[in-house]
Amino acid sequence: MPLDYNNSIPLYVQLKEELKQNIKNGKYQEKIPSERVIMEEYYVSRSTVRQAVEELVDDGILVKKPGKGTFIALKPIDDWLGNLSSTTETIERMGLKAGIKLLHADIVTLSPYMQKKTGLQKAYHFKRLRFANEIPIGIENHFYTIPLGEKLMNFDLNKETIYDLLESKLGIHTFEADQEIRAGKPGKSDAELLEIDTNDAVLITNRKLFDMDQEFVEYEHAIYRSDMYSFKIRLSRKN
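This section reports on the structure supplied with the text. (Residues numbered from 1 in each chain as written. Predicted model: local features only at pLDDT ≥ 70, side-chain atom pairs only at ≥ 80, totals over all residues. Heavy atoms only, no water.)

### Side note on the packing of helix 2 (residues 35-42) against helix 3 (residues 46-58)
Step number 1: Running from N to C, helix 2 and helix 3 cross one another at 110°; their axes reach a closest spacing of 9 Å. Our classification of the angle between helix 2 and helix 3 gives roughly perpendicular. Classified by chirality, the crossing of helix 3 by helix 2 is right-handed. Of helix 3, the residues touching helix 2 (which contributes Glu35, Arg36, Ile38 and Met39) are Arg46, Val49 and Arg50.
Step number 2: Partitioned by chemical class, the residues of the contact of helix 2 with helix 3 number three nonpolar, no polar and four charged. (Axes fitted to C-alpha atoms, helices over the stretch in contact; angles between N-to-C directions. Helix = DSSP H or I, 4+ residues; strand = E, 2+ residues; numbered from the N terminus. Parallel < 35°, antiparallel > 145°, perpendicular 65-115°, else oblique. Left-handed = near helix turned anticlockwise from the far one by under 90°. Contact = heavy atoms within 4.5 Å. Nonpolar A, V, L, I, M, F, W, Y, C, P; charged D, E, K, R; others polar.)

Listed below in structure tokens is the structure:
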């Protein structure tokens, strides 16, 4: 697909934006095509390709690996502490494509620890694998009361955002949450799902969600790849 040669915007800038859009929409996965392929697709010179790629490298979007090619840099999902939002919302705010895979859903008897946390003896448990641009970034375990879990089972949890379902379909207005975050190591099965090593560090989060009346809605235990997920908080010093 040729670029617009009559446009006042330089060709390398147009190409840079085209390549960036291809990365954003998932057309390119791990790496971008070779210079020759890009030249033939966009009808541009080698120097134009190199200048566009160099700018994307300078922007931290691409990284060059000598002898292997030019790869898409891993882009951590920034989740601002203090802002109650779903993983899907966080991923999409970063301009990435969010994906979900429901691994299993069942009714479980909770451990004494979880009973204390949730106030439930049994709960409906959903385990989902989360993706950003088709890269696995996290595993989330959600626990609900059995009646609420049965209602959620009426929806396709491979596509739907649970927070949206709670608020728009089930009339449950989430209000606030208590959240803990710590570092840890993944178990073997979780490491395989996340495509990382068992020695790699992960972020482990526990979140208890309440509605407007301070009633329990959800308990979530999740782990995220530390190279793909980061938490930020703005601090201020007050006199």
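Anyway, onward from the coordinates.
### Comments concerning helix 7 (residues 162-169)
Step number 1: Where helix 7 is concerned, the buried positions are Ile162, Tyr163, Leu165 and Leu166. An end-on view of helix 7 places all buried positions within 165° of arc, on one side of the element. Set apart from the buried face of helix 7 by more than 90 degrees, the exposed residues are Ser168 and Lys169.
Step number 2: Just downstream of helix 7, Gly171 is the residue with a positive phi angle, here 70°. (Buried < 20%, exposed > 50% of the residue type's maximum accessible area, 1.4 Å probe, protein only. Arc of directions from axis to C-beta.)

### Comments concerning unusual backbone geometry
Step number 1: Even without being glycine, Glu134 reaches a positive phi, approximately 70°.
Step number 2: Structurally, Glu134 can be placed in the loop between strand 5 (122-132) and strand 6 (135-144).
Step number 3: When its relative accessible area of 53% is taken as the criterion, Glu134 is described as exposed.
Step number 4: A positive phi angle is found at Glu195, which is not glycine, with a value near 60°.
Step number 5: As for its placement among the helices and strands, Glu195 is situated in the loop between helix 8 (188-194) and strand 8 (202-211).
Step number 6: Residue classification places Glu195 among the exposed residues on the basis of a relative accessible area of 62%.

### Regarding empty space enclosed by the protein
The gaps of empty space that remain are located by a probe, the size of a water molecule, rolled over the atoms.
Step number 1: In the structure shown here, the tally under the stated rule is two cavities of 30 Å³ or more.
Step number 2: Here the largest cavity defines a volume of roughly 80 Å³.
Step number 3: Around the largest cavity, the lining is made up of 13 residues, and of these Ser86, Thr87, His142, Tyr163 and Glu220 lie nearest the centre.
Step number 4: At the level of elements, strand 5, strand 6, helix 7 and strand 9 (216-225) are the ones that each hand at least two residues to the lining of the largest cavity.
Step number 5: Of the residues contributing to the lining of the largest cavity, the split by class is two nonpolar, five polar and six charged. (1 Å grid on protein atoms, 1.4 Å probe; cavity = no way out; pocket = protein on both sides within 12 Å on 5 of 7 lines; lining within 4 Å. Points joined across faces, edges and corners; volume = space filled by probe spheres on them.)

### Quick look at the environment of Asn199
Step number 1: Along the chain, the position of Asn199 falls in the loop between helix 8 and strand 8.
Step number 2: Residue Asn199 is classed as exposed on the basis of its relative accessible area of 59%.
Step number 3: Along the sequence, Asn199 and Pro186 sit 13 residues apart, while their C-alpha atoms lie 7.6 Å from each other.

### Things to note about the nonpolar core
Step number 1: Core analysis: the largest hydrophobic core is formed by 16 residues, its most contacted members being Leu15 and Leu19.
Step number 2: At the level of secondary structure, the elements contributing two or more residues to this core comprise helix 1 (11-24), helix 2 and helix 3.
Step number 3: Among the elements that take part in this core, helix 3 stands out by supplying four residues, more than any other.
Step number 4: Other than its neighbours up to four places away in sequence, Leu19 contacts Tyr28, Ile38, Ala52, Val53 and Leu56.
Step number 5: Residues Tyr124, Tyr144, Leu157 and Val217 belong to the second largest nonpolar core, which totals 13 residues. (Core = buried A, V, L, I, M, F, W, Y, C linked by side-chain atoms within 4.5 Å.)

### A short note on the packing of aromatic side chains
Step number 1: Under the criterion given, the structure shown has two aromatic pairs.
Step number 2: With 5.3 Å between their ring centres and 10° between their planes, Tyr124 and Phe126 make a pair best called stacked. In this pair, the class of Tyr124 matches that of Phe126, namely buried.
Step number 3: Pairing Phe126 with Tyr144 gives two aromatic rings, centres 5.9 Å apart and planes at 65°, and the pair type is edge-to-face. Placement of the pair is Phe126 in strand 5 and Tyr144 in strand 6, with a sequence separation of 18 residues. There is no split in this pair, since Phe126 and Tyr144 are both buried.
Step number 4: By the ring-pair criterion, three or more aromatic residues cluster together here, those being Tyr124, Phe126 and Tyr144. (Phe/Tyr/Trp six-rings, centres within 6.5 Å; stacked < 30°, edge-to-face > 60°.)

Geometric values such as these leave the question of function open.
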